[in-house]
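Okay, here's what each chain looks like letter by letter:
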Amino acid sequence: MTTSATVKSTRIALAPGDGIGPEIMNATLDLFKAAGVHDHLEFHPVEMGASIFAKGNSRGMTEEAIKITEEAGVLFKGPMETPKGGGGKSINVTARKMWNAFANLRTFRTLPGVSTPYSKAGINLNFSIVRENIEDTYGGVEHRLSNDMIQCKRLISAPGCDEVHRFAFQTARRQGVKKVHCGHKANIMKMTDGLFLERFKAAAKDFPEIETGDVIVDALCMNMVVKPQQYQMVVLPNLQGDIVSDLAAGLVGGLGFAPSANIGKHISIFEAVHGTAPDIAGQNKANPTALILSGLMMLRHLGLARHASIIENALLKALEEGVRTGDFGDPAKPVLSTTDFVKHIKDRLGSKPATVPAVDVPETGAGGDKVTWTKPPRPQHQEVIRTFANVVRHVVGCDIYLDTPLSPVAVAEEMQRVCQDTPFKLSLVSNRGTQVWPTGSSFTECVDYYRVRFELREDHRPGDFGQARCVALMDKVAEKFVVCSYELLRVFDGVKGYSLAQGQ
Ligand code: NAI
């Protein structure tokens with residue numbers, strides 16, 4: 001691994017990763033060194049990943065690694081392994097969340113020498129996905145609620161949406177992107193995705209020169225396959241952004257060509273979209289292009305645009321001449337190892353591609369050849385970010401969630417008895433989100449987990465009570481049933497803060 005002993009320049013925390021990570025990271029740093037990047041940056045190795053998990057560290061990173069990354073403000077990382085199922089959390093997700101790298105910018109474009117159905121049809125692609133990086137189901141808030149039911153909470157906040165949308169529009173403005181789309185599923189998840197879309201529209205008002213559009217995520221997937229060139233930038237909630245960006249990678253030749261930047265206010269993380277590729281790890285045959293491109297995003301983030309452009313032109317030149325690893329390219333050209341692939345790029349440093357436009361290289365002294373990024377001061381405390389501070393809120397009831405194998409009618413009878421002498425009436429029983437009482441269909445199958453909804457009786461008005469009466473009601477329910485969870489029903493500035501059941 002390439003490091004330097006003294007701190008003579010900007011320090012970057014460096015985590016090579018697992019699987020193919022060390023191979024592609026070494027290759028990338030070798031290229032960067034040849035381009036003079038190491039005159040400006042000091043790459044400081046930090047311990048993160050599988051070997052740290054194996055030592056029983058459940059975060060997958062040492063205290064020293066955390067300290068160095070927080071001091072540096074920039075982490076360049078290779079892919080890291082996440083065990084499927086079990087209790088082990090993804091270190092990749094932990095890093096993004098812990099350091100509040102709230103926006104994941106992923107860029108996709110047609111590259112010379114990388115054959116795709118679109119490149120064959122003469123269609124050049126160049127677009128970005130901005131994925132919200134902190135919230136959504138990636139909170140990993142999961143519980144087993146009954147014998148048969150497991151829940152994952154999907155959390156979407158207004159300030160979380162605002163941060164990612166603002167980042168998307170600011171990036172679009174800087175890059176000259178003319179239109180930004182919001183991808184969502186607000187037709188079904190009217191409140192969570194509805195908020196994501198509403199905050200997108202609110203953020204757009206500060207960027208009047210940028211056209212906006214919104215698209216339902218399933219239609220987006222089809223449109224992307226049929227006519228991807230209609231998109232320049234799409235901003236999406238976390239899970240949808242994750243899926244759509246792998247689809248996007250497929251459009252430009254595969255995961256080997258998909259770089260990403262996880263941007264936060266204080267700490268940013270640069271990494272390829274792909275994983276550890278265990279099937280080819282240790283064989284010196286992985287394609288380092290995605291990590292190189294992620295590194296170029298990092299160099300530009302830091303202000304080293306000249307170095308980034310010189311490396312990018314050499315990469316483009318090599319690709320157009322048929323330099324390739326085994327996962328892509330012209331079968332008539334030889335397959336190169338990871339190290340030889342990079343050697344060919346190094347040999348072309350200083351030259352420019354002929355078949356595609358070269359990237360502008362700023363003149364020496366014209367900016368772009370020294371680090372201009374300054375690390376923001378370390379936050380003194382965990383900030384509470386807010387979008388809506390002054391809202392009038394009134395309690396109107398509660399949803400109580402029960403672990404019971406009873407029938408819907410039996411549940412309703414019990415609940416009506418429980419609420420008899422309270423300010424609440426039973427208004428709904430639902431199972432898996434579908435209303436099963438007071439009306440329902442005998443075709444609806446039920447499982448052992450119910451929601452029962454209690455709302456204020458007609459002689460009470462919103463605001464007559466705080467939540468204490470609801471808690472007292474839950475106490476009464478808990479005398480006979482296992483209460484798994486409880487949600488307060490409130491109106492916010494007169495608007496219901498809860499959804500209706502399917503069929504209600
Ligand atoms: P993967 O991206 O590692 O591999 C999928 C397929 O793409 C494999 O056939 C692999 O050989 C190929 N591939 C990926 N990168 C390549 C490259 N640079 N050159 C040539 N071929 C490449 O996805 P998979 O197998 O689902 O995940 C493996 C592990 O990686 C898992 O533990 C997963 O959690 C982790 N992962 C880590 C990520 C990160 O660190 N940001 C992101 C995605 C997955």
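Higher on the page you've got the structure.
(A) Looking closely at unusual backbone geometry. A cis amide bond, omega 10°, links Trp437 with the succeeding residue Pro438. Its place among the elements puts Pro438 in the loop between strand E15 (434-437) and strand E16 (449-456). Here the phi dihedral of Asn100 falls at roughly 55°; this positive angle occurs in a residue that is not glycine. Positionally, Asn100 belongs in the loop between helix H4 (91-98) and strand E4 (103-109). The phi dihedral of Arg432 is positive, around 55°, even though this residue is not glycine. Summarising the element assignment, Arg432 is placed in the loop between strand E14 (424-431) and E15. The class for Arg432 is exposed, based on a relative accessible area of 51%.

(B) Examining the packing of helix H8 (residues 217-226) against helix H9 (residues 238-251) more closely. Look at H8 against H9: their axes get within 10 Å of each other, and the N-to-C directions meet at 10°. Between H8 and H9, the crossing angle belongs to the class labelled roughly parallel. Counting all contacts with H8, which are made through Val217, Leu220, Cys221, Met224 and Val225, the residues of H9 involved are Gln240, Val244, Leu247 and Leu251. In terms of residue class, the contact of H8 with H9 is built from 8 nonpolar, 1 polar and no charged.

(C) Fine view of the sheet that holds strand E17 (residues 482-492). Spatially, E15-E14-E16-E13-E17-E18 is the arrangement adopted by the 6 strands of the open sheet, whose pairing is antiparallel. With one partner strand each, in any of the chains shown, E15 and strand E18 (495-496) form the two edges of the open sheet. Across 3 bridges, the pairing between E14 and E15 is antiparallel. Of the residues in E15, the one forming a bridge with Val429 is Trp437.

The rules behind the values
- Numbers given for residues are sequential positions, taken from 1 along each chain in its written order.
- Per-residue local features of the predicted model are confined to residues with pLDDT of at least 70, and side-chain atom pairs are confined, for both listing and counting, to 80 or more; whole-chain, interface and lining totals are unaffected and use all residues.
- Heavy atoms from the whole structure form the basis of all side-chain values; hydrogens and water molecules are not counted.
- Comment: elements are numbered from the N terminus, with helices defined as DSSP H or I runs of at least four residues and strands as E runs of at least two.
- A 1.4 Å probe rolled over the protein chains alone gives each residue an accessible area, and that area as a share of the maximum for its type sets the label: buried under 20%, exposed over 50%, partly exposed in between.
- Structural elements are reduced to axes, namely lines fitted to C-alpha atoms, with helices fitted over the stretch in contact, and the angle between N-to-C directions of any two is expressed from 0 to 180 degrees.
- Note on terminology: angles under 35 degrees are roughly parallel, angles over 145 are roughly antiparallel, angles of 65 to 115 are roughly perpendicular, and the others are oblique.
- In this description, contact between two residues means that some pair of their heavy atoms is separated by no more than 4.5 Å.
- All residues other than Ala, Val, Leu, Ile, Met, Phe, Trp, Tyr, Cys, Pro, Asp, Glu, Lys and Arg, Gly among them, are scored as polar; the first ten of these are nonpolar and the last four charged.
- At least two DSSP bridges between two strands are required for those strands to pair.

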